[in-house]
Amino acid sequence: MRAVLMGPPGAGKGTQAQVLAQGAGVPQIATGDILRRAREEGTPLGRTAQSYMDKGELVPDEVMVGIIEERLRQDDARQGFLLDGFPRTVPQAEALDRLLGTLGMPLDAVLLLEVPEEAIVRRLSGRRTCPNCGRSYHVENDPPPAEDRCGTCGAELVTRTDDKPDTVLSRLEVYRRSTAPLKTYYEQHGLLRQVAGVGPVEEVTARLRAALRA
Ligand code: AP5
């Protein structure tokens, strides 16, 4: 599998990408997780990314393309990959096409998770995230087995700084302006598969798997 999972903030990309990638035996490459890790480690990349992420804006394309190029050149990506959160702009998608062309590993599919904005705001206001393994929970829809502890790795769960209501609205606006045009881009390339992202997590997973097989 060489695929992209895209969708608005809070659509369930991280939740689904973890399950799909594990099931297919390929790495989940989540640019948001890479940036948050760099921020926690205080690296130059993390410091650059922080100001953009805190405002809900996109990190510049040239920075993101560099990150993804380095990651896709690693050995484990030769077996396939699931990109989660990249590309997010048309220039990023064009750069990805060029890179995958050079590496001889073109995309099989682009899955677009569709969720109405009212549901997104509810999801993000109740999200708790594991800073260690990246697993997301929701206080009502998908609570952790032990309060405030990750069921996968036991780390203490946190609320992401960009899940504040004002920042969520900025992220949605950025999605509409910069990322939604990718739908047309991938439609024109014959790769787009639209999947309803509402309903129980397992049902959404089943729909995504069916879309990948189609
Ligand atoms: P990133 O971390 O990628 O954030 P995002 O795209 O806004 O997506 P989220 O992680 O918020 O949501 P998700 O779709 O993964 O949903 P989740 O599964 O957690 O990026 C963060 C920032 O980094 C960006 O704003 C930008 O600044 C920067 N960045 C990253 N990539 C970049 C790029 N390529 N270019 C430039 N900048 C970049 O689920 C959300 C909640 O819903 C959870 O609580 C979950 O439990 C719940 N949930 C999931 N599924 C369901 C369901 N079916 N029903 C009910 N609840 C559900």
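Further up the page is the structure itself.
Keep in mind that this is a model prediction, so the values were computed, not measured.

S.K.: Quick one: what's the story with the packing of helix H2 (residues 31–41) against helix H4 (residues 61–72), residue by residue and with numbers?
M.R.: Helix packing for two helices is described by the angle between their axes and how far apart those axes are. The contact between H2 and H4 brings their axes to 11 Å, and the two run at 100°. In terms of axis orientation, H2 runs roughly perpendicular to H4. Within the contact between the two elements, H2 uses Thr31, Ile34 and Leu35 and H4 uses Met64, Ile67 and Ile68. Classifying every residue of the contact of H2 with H4 gives five nonpolar, one polar and no charged.

S.K.: Before we move on, can you summarise the sheet that holds strand E1 (residues 2–6) with the specific residues and values?
M.R.: Read from one edge to the other, the open sheet built from five strands follows the order E2-E3-E1-E4-E7, with strand pairing classed as parallel. Of all strands in the sheet, those bounded by a partner on one side alone are strand E2 (28–30) and strand E7 (192–196). Taken over all neighbouring pairs, the strand axes of this sheet differ in orientation by 20° on average, direction set aside. Looking at chain direction, strand E4 (residues 109–114) and E7 are connected through five bridges and run parallel. Residue pairing in the sheet places glutamate 114 in a bridge with alanine 196 of E7. Packed onto the sheet, helix H1 (residues 13–24) meets E1, E2, strand E3 (81–84) and E4 and runs at close to 175° relative to E3. Seen against the sheet, H2 touches E2 and E3 and runs at an angle of roughly 60° to E2.

S.K.: Just give me the short version of the packing of H1 against helix H9 (residues 201–213), but keep the residues and values in it.
M.R.: Closest axis-to-axis distance for the H1/H9 pair is 10 Å, and the angle between their directions is 55°. The angle between H1 and H9 places the two elements in the oblique class. The handedness of the crossing between H1 and H9 is right-handed. For the pair H1 and H9, the contacting residues are Thr15, Gln16, Val19, Leu20 and Gly23 in the first and Val201, Val204, Thr205, Leu208 and Arg209 in the second.

The rules behind each value
Throughout, residues of each chain are indexed from 1 in the direction in which the sequence is written. Only residues with pLDDT of at least 70 get local features here, since the model is predicted, and only at 80 or more are side-chain atom pairs given and counted; chain-wide, interface and lining totals rely on the full set of residues. Only heavy atoms go into the side-chain values, all of them from the structure, while hydrogens and water stay out. Simply put, an axis is a line fit to the C-alpha atoms, just over the touching stretch for a helix, and the angle between two N-to-C directions goes from 0 to 180 degrees. Each helix is a run of DSSP H or I of at least 4 residues and each strand a run of E of at least 2, with the numbering of both proceeding from the N terminus. Orientation labels follow simple angle bins: below 35 degrees gives roughly parallel, above 145 gives roughly antiparallel, 65 to 115 gives roughly perpendicular, and whatever is left gives oblique. When checking whether two residues touch, look at their non-hydrogen atoms; a contact exists if any pair is within 4.5 Å. Side-chain classes follow a simple rule in which Ala, Val, Leu, Ile, Met, Phe, Trp, Tyr, Cys and Pro form the nonpolar group, Asp, Glu, Lys and Arg form the charged group, and the remainder, Gly included, forms the polar group. In this scheme, strands are said to pair when DSSP sees at least two bridges between them. In a left-handed crossing the near helix is turned counterclockwise from the far helix by less than a right angle, and in a right-handed crossing that turn is clockwise.

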